[in-house]
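Here is what each chain is made of, one letter per residue.
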Amino acid sequence: MFPIEKIRADFPILQTKVYNKPLAYFDNAATTQKPLQVIRAITGYYEKENCNIHRGVHFLSVKATEAYEDARCVIRDFIHAQHSHEIIFTRGTTEAVNLVADSFGKKFIAEGDEVITSVMEHHSNFVPWQQMCLQRKATLKFIPLLEDGSLDIAAFQTLITEKTRLVTVTHISNVLGTINPVKEIIAMAHQHAIPVLIDGAQSVAHMNIDVQDLDADFYCFSGHKMYAPMGIGVLYGKERWLEEMPPYQMGGEMIKDVFFTHTTFNELPFKFEAGTPNVEGVLGLRAAIRYLHDIGMDQIEAYERDLLSYATQRLLGIEGLKIYGTSKHKASVISFLLHKIHPYDAGMIIDKMSVAVRTGHHCAMPLMEYLKIPGTIRASFAFYNTKEEIDRLLEAVKKANEMLS
Ligand code: PMP
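Here's a quick rundown of the structure. What you see is a predicted model, and the numbers here were worked out from it, not measured in a lab.

Time to look at the pairing of strand β11 (residues 255–258). Taken together, the 3 bridges between β11 and strand β12 (residues 263–265) define a ladder with antiparallel strand orientation. When the bridges of β12 are listed, Asp257 appears paired with Thr264.

Spelled out as structure tokens, the structure:
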């Protein structure tokens, strides 16, 4: 039995009333809510341990440093990385991708080279590559989609040339919910000795991740989409790449010795962590991982799969509703449109029924252009959602459909 009542009690915000009715929160792909365990880890840090890390010999500094570095090990184990120094703390997925685009780009991408991404990427895993390619006069190529919103793997193979220097794809689409066959994509790229970056922003909270089994060269994710605070995220990179890449930002922490004329850089992971880090965020992330671990990722995946199939069946019963993203391998995200109704108009009515969904392009404007739609209405589920809440989503969508048709 999935302990849903106990879990819901851990998330104070789920008791919130919106327009005098209980909130039904289905905007989890944008950000998840935080359990008390995470909130307490943050307040506990400020009440008992706050100090800048890595620089002091006094008690508090040592304690905060130990907790921070322990969190790195917890994250290493969570994604099954080989070394803790392959875990780099960033502000989130966006900063992690920017770090690789900038640093890997400077070192390994030259005029005429090629990078492959897909048409389903979030702007965070799109614009950094587009801009880097423009700056370095390289070419960005796009993996197209099949009808069901999965990647066209046969087309991907034809995009690989001797000029390809990197492949970058999302593990799970934040719009279509498609779970991409990233292990297969990585194996194909590795046959040509091409490294692969995986955007894991939508996957880490929903499934077990094993970066060594995937053989990913880079894997990025954000704390706030996995029940941890905003402003903290992770770049996992294989030691061999991180060793070769130049620093991304310059400043304190990332140096070994500084002279008037030159500087030598710190070892991994500190080479990529310039400045005072987000210690409270790191400790909040550690608490979130422990929380997920206590429930069990397999249990979470099974519970969310059940929610997805229940919601999909019920939504498909609504006149004129079309779901975008119907791959067999899907995470708990449903994007849909109601026949000829603009998603913003529907979203306004759904909101008034105390149901939170997201409407718009979901930071994937190239995908909207590709699908020739203005945007979608998106409901994304977390393990604290219930079928009763999904019934309320249904009611709200039906009402929007009736009022606007
Ligand atoms: N990639 C994907 C697939 C996402 O869904 C998001 C967030 N919506 C991001 C990247 C960016 O994450 P962040 O804003 O936390 O950096």
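After that view, the rundown keeps rolling.
Right, let's get into the site of the ligand. Looking at the ligand, the residues that line it are Thr93, Thr94, His122, Ser124, Thr170, Asn174, Asp199, Ala201, Gln202, Ser222, His224 and Lys225. Interatomic distance of 2.5 Å between a side-chain N/O atom of Asp199 and a nitrogen atom of the ligand. A distance of 2.6 Å separates a nitrogen atom of the ligand from a polar atom in the side chain of Lys225. Taken by itself the ligand offers 400 Å² of open surface, and the protein chains cover 85% of this. Grouping the amino acids of the shell around the ligand by side-chain chemistry returns 1 nonpolar, 9 polar and 2 charged.

What the rule picks out here adds up to 17 aromatic pairs. On the numbers, 5.4 Å between centres and 85° between planes, the contact of Phe108 with Trp241 is edge-to-face. With Phe108 in helix α4 (residues 93–108) and Trp241 in helix α9 (residues 239–244), the pair connects residues that are 133 residues apart, well separated along the chain. A relative accessible area of 22% means that Phe108 is categorised as partly exposed. Taken together, a centroid distance of 4.7 Å and an interplanar angle of 45° make the contact between Tyr227 and Phe383 tilted. Of this pair, Tyr227 sits in the loop between β9 (218–222) and β10 (233–237) while Phe383 sits in the loop between β17 (376–380) and α14 (387–404), and the two are 156 residues apart along the sequence. The same class applies to Tyr227 and to Phe383, which are both buried. Taken together through their ring pairs, the aromatic side chains of Phe11, Tyr227, Tyr291, Phe383 and Tyr384 make up a single cluster.

Basis of the calculations
Residues numbered from 1 in each chain as written. Predicted model: local features only at pLDDT ≥ 70, side-chain atom pairs only at ≥ 80, totals over all residues. Heavy atoms only, no water. Pairing = 2+ DSSP bridges. Helix = DSSP H or I, 4+ residues; strand = E, 2+ residues; numbered from the N terminus. Near = heavy atom within 4 Å. Polar contact = N/O pair within 3.5 Å; in protein donor to acceptor, adjacent residues only side chain to side chain. Areas by Shrake-Rupley, 256 points an atom, 1.4 Å probe, with all protein chains shown as cover. Nonpolar A, V, L, I, M, F, W, Y, C, P; charged D, E, K, R; others polar. Phe/Tyr/Trp six-rings, centres within 6.5 Å; stacked < 30°, edge-to-face > 60°. Buried < 20%, exposed > 50% of the residue type's maximum accessible area, 1.4 Å probe, protein only.

Any functional reading would require information that these geometric values do not contain.
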